[in-house]
Number of protein chains: 2
Amino acid sequence: MSDSVEEQKIRKNERKIEMTEVEWEIMRIIWDIEPCSAGAVQEELARRRMSSEGISGKAYSTVKTTMDRMAEKGFLQIEKVRNLQLFKSCISEVDAKQREFRKMLKRAFNGALTPMMQFLIEHEGISTDEASQLRELVRKSEEKAK
Amino acid sequence: MSDSVEEQKIRKNERKIEMTEVEWEIMRIIWDIEPCSAGAVQEELARRRMSSEGISGKAYSTVKTTMDRMAEKGFLQIEKVRNLQLFKSCISEVDAKQREFRKMLKRAFNGALTPMMQFLIEHEGISTDEASQLRELVRKSEEKAK
DNA sequence: GAGCATATTCTATATATGTCGAACATGTCA
DNA sequence: TGACATGTTCGACATATATAGAATATGCTC
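Predicted model, so just to flag it, every value in this text is computed and none were measured.

Parameters and conventions
- Residues numbered from 1 in each chain as written.
- Chains lettered and ligands numbered in written order.
- Predicted model: local features only at pLDDT ≥ 70, side-chain atom pairs only at ≥ 80, totals over all residues.
- Heavy atoms only, no water.
- Near = heavy atom within 4 Å.
- Polar contact = N/O pair within 3.5 Å; in protein donor to acceptor, adjacent residues only side chain to side chain.
- Helix = DSSP H or I, 4+ residues; strand = E, 2+ residues; numbered from the N terminus.
- Nonpolar A, V, L, I, M, F, W, Y, C, P; charged D, E, K, R; others polar.
- Core = buried A, V, L, I, M, F, W, Y, C linked by side-chain atoms within 4.5 Å.
- Buried < 20%, exposed > 50% of the residue type's maximum accessible area, 1.4 Å probe, protein only.
- Contact = heavy atoms within 4.5 Å.

1. A short note on the protein's contact with DNA strand D
Reasoning step 1: Tyr60 and Gln85 of chain A together with Lys58, Ser61 and Thr65 of chain B are the nearest of the 18 residues found near DNA strand D.
Reasoning step 2: Protein-proximal atoms of DNA strand D, defined as those within 4 Å of the protein, fall in sugar or phosphate at a share of 61%.
Reasoning step 3: The contact in question runs from a phosphate oxygen of DNA strand D to an N or O atom on the side chain of Thr62 of chain B, over 3.0 Å.
Reasoning step 4: The side chain of Arg69 of chain B places a nitrogen or oxygen atom 3.0 Å from a base nitrogen of DNA strand D.
Reasoning step 5: Secondary structure elements with two or more residues in the surface near DNA strand D: helix 4 (60–73) and strand 2 (84–89) of chain A together with helix 4 (60–73) of chain B.
Reasoning step 6: For the surface near DNA strand D, the element with the highest residue contribution is helix 4 of chain B, accounting for 6 residues.
Reasoning step 7: Among the residues forming the surface near DNA strand D, the class breakdown is 4 nonpolar, 8 polar and 6 charged.

Laid out in structure tokens, this is it:
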């Protein structure tokens, strides 16, 4: 029994949305320069990759295809101006970070913050500086909560 | 110009190793009951999925295929006993957590801890309880570092 | 030794992702 | 108006992942 087109669409929209590495690279650029064309993103991507890791960029069509797919997934929004397309983000940076963080937390720490913190201190070599900074942050947040 | 088989193998081994969601599910079980057979993992997976999310398990062959691939990737190790295979983990829980955490940190926070902490306090609604617990942890870690 | 239970291997499909070339469209400027 | 620069669309292929049925092997029990 094959599903109807409708059912497939529903499944498609319901499917868990995760950003891949390349998608993150693109999103970061979009957040910086939106609204922008695919070409602009492709160039900026090449620039960043070159300067940060010395690796080559990607072909225009590669970037464009990825961006089109991101639009389908609801990460991006396309606005037509004449025959051009301008891309804008549909999710905020905060939102994306939150999703990424929570995914990690769920996978690796059963969704709980405290065990993660414990882990950080035990295994991630949190520096004294970072620790006191952290303590400061926590103190402030406690104050604010009062 | 196509690559030689050797080159393909090298690329294969060099490729970035990430655990997918299903692989995490399986790894968690392995860490708990290793050394173990694929069948045992499949049964335990069904049990956990049912009790935690009320969703169905997966066919034996699905689990087995995934586990074989995990062995290829170096997550698992197969030990033959007669005609049976016993699986063991090749990476520790700590190691896996570390990888997952760092991947998230790199993607979403440019690899730096402090911005992540800031983010947590601002957006993840760290509770007063968690905050003081955290503060306690930090205090202890500072003492130890002395 | 025949058959059952269990395990392994092989094969196959669908979807996602990464990658890109080629063809086609169109606004601009000499 | 015709060439060029820039964009868009289409199609294609490789690999990864998720999924699972079918065929095959084999140890054990009666």
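2. Looking at the nonpolar core
Reasoning step 1: One finds Met116 of chain A together with Met116 of chain B to be the most contacted residues of the largest nonpolar core, which totals 58 residues.
Reasoning step 2: Those residues in contact with Met116 of chain A that lie beyond four places of it in its chain are Phe101, Met104, Leu105 and Phe109 of chain A together with Phe101, Met116 and Leu120 of chain B.

3. Focus on the protein's contact with DNA strand C
Reasoning step 1: Around DNA strand C, the structure places 18 residues, and the nearest of them are Lys58, Thr62 and Thr65 of chain A together with Tyr60 and Gln85 of chain B.
Reasoning step 2: Of all atoms in DNA strand C that approach within 4 Å of the protein, 59% are sugar or phosphate atoms.
Reasoning step 3: Separating a phosphate oxygen of DNA strand C from a side-chain N or O atom of Thr20 of chain A is a distance of 3.1 Å.
Reasoning step 4: In the model, a phosphate oxygen of DNA strand C is placed 2.5 Å from a nitrogen or oxygen of the Lys58 of chain A side chain.
Reasoning step 5: When residues of the surface near DNA strand C are traced back to their parent elements, those giving at least two are helix 4 of chain A together with helix 4 and strand 2 (84–89) of chain B.
Reasoning step 6: Ranked by residue count, the leading element in the surface near DNA strand C is helix 4 of chain A, at 6 residues.

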